[in-house]
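Commentary on secondary and tertiary structure
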Amino acid sequence: MVDMMVVVIGESASAHRWSLLGYEGNPTNAALAPWQSALVTFPLTTNGNNTGKTLPVIVAGRSLHPLPEQGVASYIDLAKAAGFQTKVFANQQAPGFANVALRLRSDLYRHLQDGKFDGALTPWLQESLQQYASNAQPQITLHTYGSHPRVARRYPESAALWSDPYDNSMHYTSQLLAEWIQALDQLQDRRVALLYVSDHGQDFPVCGGSYVHGITRSTYEVPFLLWANQTMR
């Protein structure tokens, strides 16, 4: 049904801070407003509070229990079985479990240098779009650093609109999603889709402290977004 699928894996993004999902604080998803009529968004309950637990199954919709002897098929395995050429561009720590799995299972894997903002993934996506041939079905993964703890370091100064660093990180992610959707929308002769989902969220500092990994509802409820171009729709 689809000629090109881009999967954006978020990091530490909670559905509780997405204005598209009812957050009444800062307009964290304002950059996506021009595309809203072509979006499907809803909160999703993830199956864990760290990337290693959630990433293998969050897009594939498989269960880790009971765990088959050969392991669980990831969405990349399913894409390869369907004939897609799988590419992963990551802005996460290279030795991490999730990135090792992504590197081993994909046809092409690239990793940004530590300290880069997620916008540095854009040239690799643009390069893939320029190389897009009619006889190839690409499935591209952009593994972002999103709103990982020490969240104030996850976005450039231009995205620092408010005093809350977590909301600023949501805003920056939304800007990138809008930018990537706009690039994909140029391929009107192909059926193109983009899917975004975060691995997990964070605890919020309601009683002081800072944004951290935790076990509250805001940790397990994450945003899910699906966009498709007019040809696909």
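Bear in mind that the values here come from a model prediction, so they are computed numbers and not experimental data.

Calculation criteria
- Residues numbered from 1 in each chain as written.
- Predicted model: local features only at pLDDT ≥ 70, side-chain atom pairs only at ≥ 80, totals over all residues.
- Heavy atoms only, no water.
- Helix = DSSP H or I, 4+ residues; strand = E, 2+ residues; numbered from the N terminus.
- Rg over C-alpha atoms; globule rule 2.2 N^0.38 Å.
- Buried < 20%, exposed > 50% of the residue type's maximum accessible area, 1.4 Å probe, protein only.
- Expected span 1.5 Å × (residues − 1).
- Polar contact = N/O pair within 3.5 Å; in protein donor to acceptor, adjacent residues only side chain to side chain.
- Core = buried A, V, L, I, M, F, W, Y, C linked by side-chain atoms within 4.5 Å.
- Contact = heavy atoms within 4.5 Å.
- Salt bridge = Lys/Arg side-chain N within 4 Å of Asp/Glu carboxyl O.
- Phe/Tyr/Trp six-rings, centres within 6.5 Å; stacked < 30°, edge-to-face > 60°.
- Lys NZ or Arg CZ within 6 Å of the ring centre and 35° of its normal.

1. Here's the deal with the overall build of the chain
Check the secondary structure of the chain and you find 6 helices and 7 strands. Going from the N terminus to the C terminus, the chain shows its helices and strands as β-β-α-α-β-α-β-α-β-α-β-α-β. Rg of the C-alpha trace for the chain: 17 Å, near the compact-globule value of 17 Å for 233 residues, within the 12% margin. Here the C-alpha coordinates of the chain stretch approximately 55 × 45 × 30 Å along the principal axes. Burial analysis of the chain (233 residues in total) assigns 50% to the buried set.

2. Some thoughts on helix H5 (residues 165-184)
One full turn of an α-helix is made of 3.6 residues, so residues set three or four places apart face in the same direction. The end-to-end C-alpha separation of H5 is 29 Å, in line with the 28 Å expected for 20 residues at 1.5 Å each. Burial analysis of H5 places 15 of its 20 residues in the buried class, which makes it a mostly covered element. Residue Asp-164 occupies the N-cap position of H5, its side-chain oxygen lying 2.8 Å from the main-chain nitrogen of Tyr-166.

3. Thoughts on the nonpolar core
In globular proteins that are soluble, nonpolar side chains generally tend to be buried together. Counting residues in each nonpolar core, the largest one holds 38 residues, and the members touching the most others are Met-4, Val-6, Leu-142, Trp-180, Leu-194 and Trp-227. Among the secondary structure elements, those contributing two or more residues to this core are strand E1 (4-10), helix H4 (122-130), strand E5 (138-143), H5, strand E6 (192-198) and strand E7 (221-228). Looking at this core element by element, the count peaks at 9 residues for H5. Discounting chain neighbours no more than four positions away, the residues touching Leu-142 are Val-6, Val-7, Val-8, Ile-9, Phe-89, Leu-121, Leu-125 and Trp-180. Listed in part, the 22 residues of the second largest apolar core include Val-2, Leu-55, Leu-102 and Tyr-109.

4. What to know about the pattern of salt bridges
Counted according to the given criterion, the structure contains 8 salt bridges. The partner of Asp-164 in a salt bridge is Arg-17, with the nearest N and O atoms 3.3 Å apart. Here the residue Asp-164 occupies a position in the loop between E5 and H5, and Arg-17 occupies one in the loop between E1 and strand E2 (39-45), the gap between them amounting to 147 residues. No difference in accessibility class separates Asp-164 from Arg-17, as the two residues are buried. A salt bridge links Asp-77 to Arg-105, with the nearest nitrogen and oxygen atoms 2.3 Å apart. Note that Asp-77 is positioned in helix H2 (residues 75-81) and Arg-105 in helix H3 (residues 97-105), a separation of 28 residues in sequence. According to the relative accessible area criterion, Asp-77 is partly exposed, its value standing at 24%.

5. As for the packing of aromatic side chains
Counting across every chain of the model gives 8 aromatic pairs. Relative to Phe-224, the ring of Phe-42 lies with its centre 4.7 Å away and its plane at 15°, an arrangement referred to as stacked. One end of the pair, Phe-42, is in strand E2; the other, Phe-224, is in strand E7, and 182 residues separate them in sequence. Here Phe-224 falls in the buried class, since its relative accessible area comes to 15%. Counting every residue linked through ring pairs, the aromatic cluster contains Tyr-166, Phe-204 and Tyr-211. The positively charged end of Arg-17 is found above the aromatic ring belonging to Phe-204, 4.4 Å away from the centroid. Sitting over the face of the ring of Tyr-109, Arg-103 holds its NZ or CZ atom 5.6 Å from the ring centroid.

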